[in-house]
Structure formats: C-alpha cells, structure tokens
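# Remarks on the overall topology
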Amino acid sequence: MVKGNIPVLLICLFTAFLGYSQEDTLDSYFKNPLDIPLVMAGTFGELRSNHFHSGLDIKTQRQVGLKVYASASGTISRIKISHYGYGKALYVQHPNGYTTVYAHLKKFSPEIEAYIKAKQYQKESFEIEVFPLSGELTVTQGDVIAYSGNTGSSGGPHLHFEIRDKNARPMNPFLFGLSTKDTRKPIISKLIAYPLDENSVINQSSNPLELRLTQLQNGTYTTEKINAKGRIGIGISTIDQQDLANNKNGIYEINTTLNGEVNFGLQMDKFSFAETRYLNRMIDYSYFMKYKNRVQKLFVEKNNPLSIYKNIVDNGELWIEDSLSYQYNISVKDYVGNESKIVMHITGANDSITKPKTIQPTNHYVYADQNYSFSEGKFDVYIPKGALYDDTFLDLKTDGDILTFHHKELPLHKKASISYDVSNYDIKDREKLYLGILNYKNEVYYSNTKIENNKLSISTRKLGTYSIGLDKKPPVITPKNIVKGRWMSKYRYLKFEINDSQSGIKGYRATVNGKFILMEYDYKTKSLIHDFNDNIVTDTENNLKLIVTDNVGNSTTFETTFFRKK
C-alpha cells in the first residue's frame, strides 16, 4: 500500500517543484528580443489615448531592419498584418502559458515570411490574420523571427514588445528581469485638488484648484497650504525618464497616506484589455483635452473598475473636518525604486463658497445608467447606458447639416450612434455622402459610414460637432518608378503613391496579366509597393492594372505595360 502511494507522492512533489521553479525563474525565462541595450521609448502602463500602453517600446537606434529574436522558445500562435495598429505583428506562445508579442515589424524571418505570403496570396489581401496550428511554426529562444520596423500606427522606428499571461492580460516585462539603466527619479509637474461634492470647498472655491509645487533641496516637493472642508481628491501629473533617453515614460507605482495612514495606491503590474479604456475615468479627461496633459486622479470614482488599484481607503478621498490639520503624502516610484515625494498640508476650515462651480443646464439631462435618444431635424442620436461615467447635462442641438454633440472635453466609454436623413439629396449623391466630426479646419473628418433606408449612420466614441461630407473626387495614383514600356529588370520594387483628400483610402487591388500581385500600403507615407521577389511576375511583357477605391466608392484605375527578363 505504501509502495503504491510512493509514485503518486513523487509525482505531486515533482509537479510542485516544477511549479515553484517556473515561478522562481521567470526573471530569467525571457530574454531581450534585440541584441542592443534596452532603451525605452515607452514603458508598460504608460498613459496613452484611450488606453494604457500594454508593453515596452524599445528604441531601435532610429533604424528599421534590426534582428528581432524569440525572447523564449515556443510556437507561433498568431500572425497579424494590418495597415494600422500593430502593423506587422507576431505572437509566440510559450510552454509556461505566457505569450510574447512583437509589433511594428518590417518583415518576418524567411520561413515565417514565406508562410504568411502564401496566405496573403491565397486570400488576395495584404491585411490578414492567421492562427497557425500548434507546432506548425516553432521557434527556439534566440532565433531570428523578424526584423524591426515602423509599420502600423507607429510614430517612429521601434519594437513594441509585450508579455501576456495565460488569460491574455498584458504584464509588465520588467517583472521578468528585462531592465534598462535608470537612476532618475520620476518628474512631477502638476498637482490639482478637487472638491468632490456640492458641500466641499477648497480655498473658498468649489472648483478644482491647481496647486503651486516647490522642490526642496532634498528633492521632496511641497505645496502651498490650503484650507478645505468636506470630500476632496488630489490629482497628479507625473512622468518617468530613464538614463539613456528623455522620452516621457509612465510611472510604476503611486502611494498616498493621510496623517500616516494608508489612503491610496496603484501599481502597474498587469491589466486586461477589457478595462484599459477606463483610463479616461482615471484621468482628468477634460483637463487633458484642454491642455494635453494627463492628470491622474488619486481617488476612485464610481464606474471605475480598474484592477491596478491597491490599498484603497474611502476610495482615496480625503474627508476634511473643520479646525483639524492634515498631512497628505504622495510617493511616486519607477520600477527600480527611484522615488519622488510630495508633502501637502491641509487645514480644515468652515469657509463659505465665494467661487461656486458653474454648471451649464441644457434641455438634455442624461443618466449614465440609462439609454438616451435624441431626434432633431435630420439627425438621430442614441447613447447607450454606460456610455457616460456620470449623470450630466448634454448640449445637443442641430442647425441644418450640423449636429452639436456636446463638446470634446467629456469622455464616452461606449459608442454612441448618429444617423442622418439623406432623402432630400439627389439619388446620385447619396452614396457619396458620409458623416464625420469637424476638425480644427472645419473640415469633415470621415467616420466609418453606412447607408441604409436613406439614412447615413456611424458609431462613435467622440463628442464634438458633426456634419456631412460629399466626396465626388476619386483617389489619385502617382507612379513613382514606372512608365509605359519601361524595362523593370533592374528594379526590385514596383512603387506608387496613392492619396485621397476627402473620405480616405479604403482599398486597392493590383494585377499583372490578370494575376493578383501583393502590394503593401503604408498610410503614413501614402506608399504602395510590390516586391518582385515574390516571383509572381514571370512574363517578359506585363500588363499592370491597379484599382484604388476610397471610402465612398470612388475609384481610380491605372493601367500600363512594362517589361522584365524572365
């Protein structure tokens, strides 16, 4: 009986040992995906537009084409190529349950490149997403799997690198031993105090108050003293910089205390993609839209389920009572522990409000937990419950073809829908109409528009002024290295520039002698390129046909004949 239990016991102990050693050695499991020192253009959890940054942006010395290595052994589980977002991206699933992501790539290693090119030609599309079978494409730690680039929505050459757990949640790669030289303390630029209800007051005002910061010789910041009463909250604007670059990176940890007692904390270890848009609830969104500076609130309001918070007491709010004194301390740290501190003194004072908060009433008061519909003139608007974080007055009105959909300083968490009746327009024009938000030039910026039953409709998360646009101009195709009758034998690439000045490029298709050829589009440079090394063009005389279509269906066709040696 004991003998029979020994193998089971050994298996249990061995399994426990494996589990322990795996967690114990995660700090050495993943390696630097580049063979140059890690210099950060962006860090994990950094505050971006509508989301937290989900990985590291690693500088590539202002170059494209650096070798990208498998950070650990595994199998390629996903390959995605798109014009926007991550551009060319590779996902590697590892035996420990984690996945690494490599994005904005120029191209893949030869084996992977051949695999995905075959899929692209099979689908006849540059944009593609495939999920290779387990074991179909395996890699070993240190294998070259790709080359760094600047594809997708990248703002410059770099490698975007992520580590995701078994639940597809992005995790801070610094947790796994990746590091960069960093002896610099976080930088604090702004501090704002917020009265949080109608009975709260700060320096006789019920409006947010920006506080003057003074840095002492020891590096600690202090603020001007304030008098307050009731519920107040604090917001902070802070960034981090490492030794090797001056990029404005995100911080790792913030903790606060009130009179020595823990009050609030946040830590950028991991989050889920499902919650990342709640960043707009965490920051002072209105302040950001006005001044392009993200002030993050050190208190948690309703409709904010972010998992990055810890040690929260009274939602991080400060309850200030008359005649009492308070010391509020803020600690801001980067991942290696460099710390900046703020010491703030608050006196409880039963002051009257001389500067009340201004609320502009409108005819439309919308409850955050209810759906809301608005119809006026030719416009219909639908706001689903949960789109707003707070109950609020909205400025909704129309003037002919113009819809005032409140103002951009208020965030929308879910998409609202806007529709416009085009039945009064000429039938020939209706399919050339689109809806969009007015930009600073008072031009209509195209939104993805559908037309059905004589109504244009869009879904949007942006408040602002909307109108309709009419696009009758087809796209422009400009050949860059081809003219009729040219011999192209010495050229590796076939190059065009494509542009559409109104609704924007929707699609393109190129054929040679009636056979599809793959062309890569970069919206940032407006370039459209075919690589002759695809070996699709094999005839001497070649008839090229390129069709480019914009978002309302206007199209332009370019045709010519060129020659290549077989």
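Whatever comes next refers back to the structure up there.
What counts and what doesn't
Residues numbered from 1 in each chain as written. Predicted model: local features only at pLDDT ≥ 70, side-chain atom pairs only at ≥ 80, totals over all residues. Heavy atoms only, no water. Helix = DSSP H or I, 4+ residues; strand = E, 2+ residues; numbered from the N terminus. Buried < 20%, exposed > 50% of the residue type's maximum accessible area, 1.4 Å probe, protein only. Contact = heavy atoms within 4.5 Å. Areas by Shrake-Rupley, 256 points an atom, 1.4 Å probe, with all protein chains shown as cover. Lys, Arg positive; Asp, Glu negative; His and termini not counted. Charge placed at Lys NZ, Arg CZ, Asp CG, Glu CD. Pairing = 2+ DSSP bridges. Axes fitted to C-alpha atoms, helices over the stretch in contact; angles between N-to-C directions. Polar contact = N/O pair within 3.5 Å; in protein donor to acceptor, adjacent residues only side chain to side chain. Patch = residues over 30% accessible without salt bridge, like charges linked within 9 Å, V, L, I, M, F, W, Y side chains within 5 Å. Salt bridge = Lys/Arg side-chain N within 4 Å of Asp/Glu carboxyl O. Core = buried A, V, L, I, M, F, W, Y, C linked by side-chain atoms within 4.5 Å. Phe/Tyr/Trp six-rings, centres within 6.5 Å; stacked < 30°, edge-to-face > 60°. Lys NZ or Arg CZ within 6 Å of the ring centre and 35° of its normal. Expected span 1.5 Å × (residues − 1).

To continue, consider the overall build of the protein. Regarding its fold elements, the protein presents 5 helices and 47 strands. Its C-alpha atoms give the protein principal-axis dimensions of about 90 × 85 × 60 Å. Residues classed as buried in the protein amount to 49% of the 566 residues present. Counted over contacts in the protein with a minimum sequence separation of 6, partners at least 24 positions apart contribute 68%. Per element, the accessible surface of the protein, about 28,200 Å² overall, is 49% carbon and sulfur. Of the charged side chains in the protein, 70 are positive and 61 negative; the average position of the first set lies 6 Å away from that of the second.

Below, the discussion takes up the sheet that holds strand β5 (residues 67–69). Taken together, 3 strands build an open sheet; the order of strands is β5-β12-β9 and the sheet is antiparallel. Two strands bound the open sheet, and with one partner strand each, they are β5 and β9 (105–108). Taken pair by pair, the neighbouring strands of this sheet meet at an average axis angle of 35°, ignoring direction. Alignment of β5 against strand β12 (residues 144–148), held across 3 bridges, turns out to be antiparallel. By the bridge assignment for β12, Tyr69 is matched with Val144. This element, helix α2 (residues 110–123), spans β9 and β12 of the sheet and lies at about 90° to β9.

Our next topic: the side chain of Asp531. Within the secondary structure layout, Asp531 lies in strand β45 (residues 527–531). Judged by relative accessible area, which is 14%, Asp531 ranks as buried. A distance of 2.9 Å separates the side chain of Asp531 from the backbone nitrogen of Asn533, its partner in a polar contact. Excluding anything up to four places from it in sequence, Asp531 contacts Arg492 and Tyr493.

Before going further, it helps to spend a moment on a nonpolar patch on the surface. A cluster of nonpolar side chains, namely Leu175, Tyr335 and Val336, defines an oily patch on the protein surface of about 230 Å² accessible area. Within the secondary structure, Leu175 is located in the loop between β14 (170–171) and β15 (187–195).

As a further point, take unusual backbone geometry. What is expected of a backbone is that most residues other than glycine have negative phi and most peptide bonds are trans. A positive phi angle, near 50°, is found at Asn203, a position not held by glycine. Note on placement: Asn203 falls in the loop between β16 (201–202) and β17 (209–211). A residue is classified by how much of its surface remains accessible, and Asn203, at 31% relative accessible area, is partly exposed. At Lys526, a position not held by glycine, the phi torsion is positive, near 60°. Inspection of the secondary structure assignment puts Lys526 in the loop between β44 (520–522) and β45.

Once that is clear, we can look at the side chain of Thr100. Topologically, Thr100 is positioned in strand β8 (residues 99–103). Looking at Thr100, the relative accessible area reads 0%, which means it is buried. A polar atom in the side chain of Thr100 sits 2.8 Å from the side chain of Tyr102. Apart from residues no more than four positions distant in its own chain, Thr100 is found in contact with Phe30, Ser71, Leu90, Tyr91, Val92, His94, Phe161, Glu162 and Ile163.

So, about the nonpolar core. Across soluble globular proteins, nonpolar side chains have a tendency to be buried as a group. Counting 62 residues, the largest nonpolar core has Ile79, Ile145 and Phe496 as the members making the most contacts within it. If near-sequence neighbours (up to four positions away) are discounted, Phe496 is found in contact with Ile477, Thr478, Pro479, Lys480, Ile482, Met519, Lys526, Ser527, Leu528, Leu544, Leu546 and Phe558.

Here the focus is the packing of aromatic side chains. For the structure on display, the rule yields 26 aromatic pairs. Aromatic side chains Phe532 and Phe562 sit 6.0 Å apart centroid to centroid with 55° between the ring planes, which places their arrangement in the tilted category. Of this pair, Phe532 sits in the loop between β45 and β46 (541–550) while Phe562 sits in strand β47 (residues 555–563), and the two are 30 residues apart along the sequence. Neither residue differs from the other here; Phe532 and Phe562 are each classed as buried. Three or more aromatic residues link up through ring pairs in this structure, and these residues are Tyr29, Phe30, Tyr98 and Phe176. Positioned above the aromatic ring of Phe288, the side-chain terminus of Lys292 is 5.2 Å from the ring centre. Geometry around Phe532 places Arg564 over its ring, the cationic atom sitting 4.1 Å from the centre.

What follows is about the pattern of salt bridges. Scanning all chains against the criterion turns up 20 salt bridges. Note that Arg78 and Glu129 form a salt bridge whose closest N and O atoms lie 2.7 Å from each other. Taken as a pair, Arg78 in strand β6 (residues 74–81) and Glu129 in strand β10 (residues 128–130) lie far apart in primary sequence, 51 residues in all. For Glu253, the salt bridge is made with Lys310, and the minimal N-O distance between the two is 2.9 Å. With Glu253 in strand β21 (residues 253–258) and Lys310 in strand β24 (residues 309–310), this pair connects stretches of sequence that are 57 residues apart. The class for Lys310 is partly exposed, based on a relative accessible area of 25%.

Taken in spatial order, the 5 strands line up as β32-β33-β39-β35-β36 in an open sheet, and their pairing is antiparallel. Single-partner strands in this sheet number two, and they are β32 (396–399) and β36 (444–446). On average, each strand axis in the sheet is inclined to that of its neighbour by 35°, with strand direction left out of account. Inspection of the sheet shows β32 paired to strand β33 (residues 402–405) by 4 bridges, in the antiparallel sense. What sits directly across from Asp399, in β33, is Ile402.

For Lys385, the location among the structural elements is in the loop between β30 (379–383) and β31 (392–394). On a C-alpha basis, the gap between Lys385 and Ala510 in space is 45 Å, while along the polypeptide they are 125 residues apart. Excluding its chain neighbours within four sequence positions, the residues that come into contact with Lys385 are Ala368, Asp369, Gln370, Asn371 and Lys414.

Time to look at the environment of Leu438. Along the chain, the position of Leu438 falls in strand β35 (residues 433–438). As for Leu438 and Tyr365, which are separated by 73 residues in sequence, their C-alpha atoms are 24 Å apart. Among residues more than four places away in sequence, those in contact with Leu438 are Ile402, Glu443, Val444, Thr465 and Ser467.

Helix length check: α2 (14 residues) gives 20 Å between terminal C-alpha atoms against 20 Å at 1.5 Å per residue, within 8%. Those residues of α2 not exposed but buried are Ile112, Glu113, Tyr115, Ile116, Lys117, Gln120 and Tyr121. One or two steps after α2, the chain reaches Glu124, where phi turns positive at roughly 60°.

The values are spatial; any link to function lies outside them.
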